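# Structural characterization, general
Read off the chains here:
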Amino acid sequence: MDRHNFLNLALGLILNTNLNHKNMLYVADENRYSQMQYHKCGKWGLKLPLISLGLWHNFGRVDVFENGRAICRHAFDLGITHFDLANNYGPPPGSAEENFGKIMQLDLAPYRDELIISSKAGYQMWPGPYGEWGSRKSMLSSLNQSLKRMNLDYVDIFYSHRPDPNTPLEETMMALDQAVRQGKALYVGISNYSAPMAAKAAQILKELGTPCLIHQPKYSMFERWVESGLLNTLEIEGIGCIPFSPLAQGLLTDKYLNGIPEGSRASKSWGFLKPEQVDPAIEKVKKLNDVAQQRGQTLAQMALVWLLKDRRITSVLVGASSVAQLDDNVGALKNMEFSKAELQQIELVLSGESFDPLKLKVREISEVKAIGGETPSRAEFIQNLAKKFER
Ligand code: NDP
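Note that the coordinates shown come from a computational prediction; the quantities given were computed from them, not determined experimentally.

## Focus: unusual backbone geometry
In the segment running from Gly-90 into Pro-91, the intervening peptide bond is cis, with an omega of -5 degrees. For Pro-91, the location among the structural elements is in the loop between β4 (82–84) and α3 (95–108). In this structure, the amide linkage connecting Pro-91 to the following residue, Pro-92, adopts the cis form with an omega of -10 degrees. Phi is positive for Asn-58, close to 80 degrees, though the residue is something other than glycine. We note that Ser-245 has phi near 50 degrees; this positive angle belongs to a residue other than glycine. Residue position: Ser-245 is located in the loop between β9 (240–241) and α8 (275–278). Residue Ser-245 is classed as buried on the basis of its 23 C-beta neighbours within 10 Å.

This is how it looks when you write it as structure tokens:
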């Protein structure tokens, strides 16, 4: 038993005759900042851990509270200081914030100044015309509700969860600015905004005096829209980027290699990953899993560091249904380097081309030729050999 577990056990013994971990006082691991790395959010001073934890799934009223609680405690012990929520996370909507509020009360409240807690408004939350989208009324009422559910005075980051086509962008951004001026949020962010919309939002926020800290887009090996414009915009504006669903909701792990396991997200009626999304991805997943194994990593680990290799990515926002998954994901940081060949292998798999080391070599040579470089004679030899095989 390590020192941290021993201390937790001893405290439990002193304070509680019932040794059930549910009732034991939580003391955070004193080494929690020794492993994790932290990146600045764009040009701003706020740093986020390279891996952050999202509470979209696994923290609702339908889930086992003690499991979610153990995941949050363990996350903080690993140096994960950032917990991401939204008004509608559950199910039912709101229950993830309620549960997180309980975890704060039971375990994390003494560490409030070490935590970055975010919430969002924009998706359907309550009935009537103010229960969703981006009007000032909707955004600020939602934030008040979130603070109540989480039993917090303020959130660290308040997001517009999605752009609202029927509300002027100015109104939504003014609501974010007002949240900060009211002391109910320290920073603001946007999520699911296209590159042009993000640039416009950033401009309005700058003029209001509450700059945009961060953008939260969907980004993974399987979903790469941010590469054609958004990442450049964020870099120019000095805005951080925290991709959500970096594991494609669990597809980019070894979980579904042999079908849909019981208890997995795709097996649950309320899970956002649908069983019909699994099969079409599996051929690529198997090949990516081979590449990860060659690197001595799990596929989940490789998928995370593949995103983090781009310095414009501040943090990756993972979900987890167990403490073991979190350990696996944080373990990714032990190997963050990719060789050129590995990156090419991954691109080939993602493009759907069949993987063949000789073909890879041929591609490399044609790239060298295209930029007018010297072609090494050994490479020429391999190219000719590959051509022979192709006939
Ligand atoms: P991921 O892509 O990381 O998927 C998480 C799921 O993958 C887990 O629930 C688990 O599935 C599986 N998993 C995680 N780690 C491992 C591992 N090491 N080995 C095997 N399986 C693993 O992210 P999410 O889709 O959960 O999204 C993350 C967060 O992003 C959300 O919680 C939320 O905070 C945010 N988000 C924001 C959105 C927005 O519009 N702004 C939209 C969606 C998410 P299983 O449960 O099957 O075990």
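## Overview of the packing of helix α2 (residues 65–77) against α3
One way to put it is that α2 packs onto α3 with a least axis distance of 10 Å and a crossing angle of 55 degrees. The orientation of α2 with respect to α3, classified from their angle, is oblique. Considering how the two elements wind past one another, α2 and α3 form a crossing that is right-handed. On the side of α2, the interface is formed by Phe-65, Gly-68, Arg-69, Cys-72, Arg-73 and Phe-76, while α3 contributes Asn-99, Ile-103, Asp-107 and Leu-108. Split into classes, the residues belonging to the contact of α2 with α3 amount to 5 nonpolar, 2 polar and 3 charged.

## Re the nonpolar core
The biggest cluster of nonpolar side chains holds 90 residues, and the ones touching the most others in it are Ile-157 and Val-188. Broken down by element, this core gets its largest block of residues, 9 residues, from helix α10 (residues 299–308).

## Some points on the packing of helix α6 (residues 195–208) against helix α7 (residues 230–237)
Two elements in contact, α6 and α7, have axes separated by 9 Å at closest approach and are oriented at 15 degrees. With respect to α7, the element α6 is oriented roughly parallel. Here the hand of the crossing between α6 and α7 comes out right-handed. When α6 is examined against α7, the residues Ala-195, Ala-198, Ala-199 and Ala-202 are found in contact with a partner set consisting of Leu-230, Thr-233, Leu-234 and Glu-237. In terms of residue class, the contact of α6 with α7 is made up of 6 nonpolar, 1 polar and 1 charged.

## A few points about helix α12 (residues 340–351)
The end-to-end C-alpha distance of α12 is 16 Å, a good match for the 16 Å that 12 residues give at a rise of 1.5 Å each. Taken residue by residue, α12 has Gln-345, Ile-346 and Val-349 as its buried positions. Viewed end-on, α12 has its buried residues packed into an arc of 95 degrees, placing them on one side of the element. Opposite the buried face of α12, by more than 90 degrees, sit the exposed residues Lys-340 and Ser-351.

## What about α3?
Structurally, the α-helix is built with 3.6 residues per turn, so residues lying three or four positions apart point the same way. Burial in α3 covers these residues: Ala-96, Glu-97, Asn-99, Phe-100, Ile-103, Met-104 and Leu-108. Down the axis of α3, the buried set is contained in an arc of 160 degrees. They therefore lie on one face. Those residues of α3 that are buried are in contact with α2, β4, β5 (116–121) and α4 (136–150).

## A closer look at the site of the ligand
Lining the immediate surroundings of the ligand are 30 residues, of which Gly-54, Trp-56, Phe-244, Gly-250 and Gly-319 lie closest. Only β10 (316–318) and α11 (323–330) provide two or more residues apiece to the shell around the ligand. Ranked by residues supplied to the shell around the ligand, first place goes to α11 with 3 residues. Residue composition of the shell around the ligand, grouped by class: 10 nonpolar, 16 polar and 4 charged.

Basis of the calculations
Each residue is numbered by its place in its chain's sequence as written, counting from 1. The predicted origin of the model limits local features to residues at a pLDDT of at least 70 and limits the giving and counting of side-chain atom pairs to 80 or more, whereas totals for whole chains, interfaces and linings rest on all residues. Helix numbering and strand numbering both begin at the N terminus, where a helix is a DSSP run of H or I of at least 4 residues and a strand a DSSP run of E of at least 2. Three classes are used. A residue is buried when 20 or more other C-beta atoms lie within 10 Å of its own, exposed when 12 or fewer do, and partly exposed in between, with C-beta atoms placed from the backbone. To obtain each axis, a line is fitted to C-alpha atoms, and for helices this fit is confined to the stretch in contact; angles are then taken between N-to-C directions over 0 to 180 degrees. Roughly parallel means an angle under 35 degrees; roughly antiparallel, over 145; roughly perpendicular, 65 to 115; everything else is oblique. Definitions for this section: a left-handed crossing has its near helix turned counterclockwise from the far helix by less than a right angle. A right-handed crossing has that turn clockwise. Here contacts are defined at the residue level, using C-beta atoms placed from the backbone and a cut-off of 7 Å between them. The residue classification treats Ala, Val, Leu, Ile, Met, Phe, Trp, Tyr, Cys and Pro as nonpolar and Asp, Glu, Lys and Arg as charged. All others, Gly included, are polar. Nonpolar core, as used here: buried Ala, Val, Leu, Ile, Met, Phe, Trp, Tyr and Cys residues forming one set through C-beta atoms within 7 Å. What a helix should span is 1.5 Å times the count of its residues minus one. Taken from the helix axis, the directions to the C-beta atoms give the arc we talk about. Should the C-beta atom of a residue, placed from the backbone, lie within 6 Å of a molecule or strand, that residue is near it.

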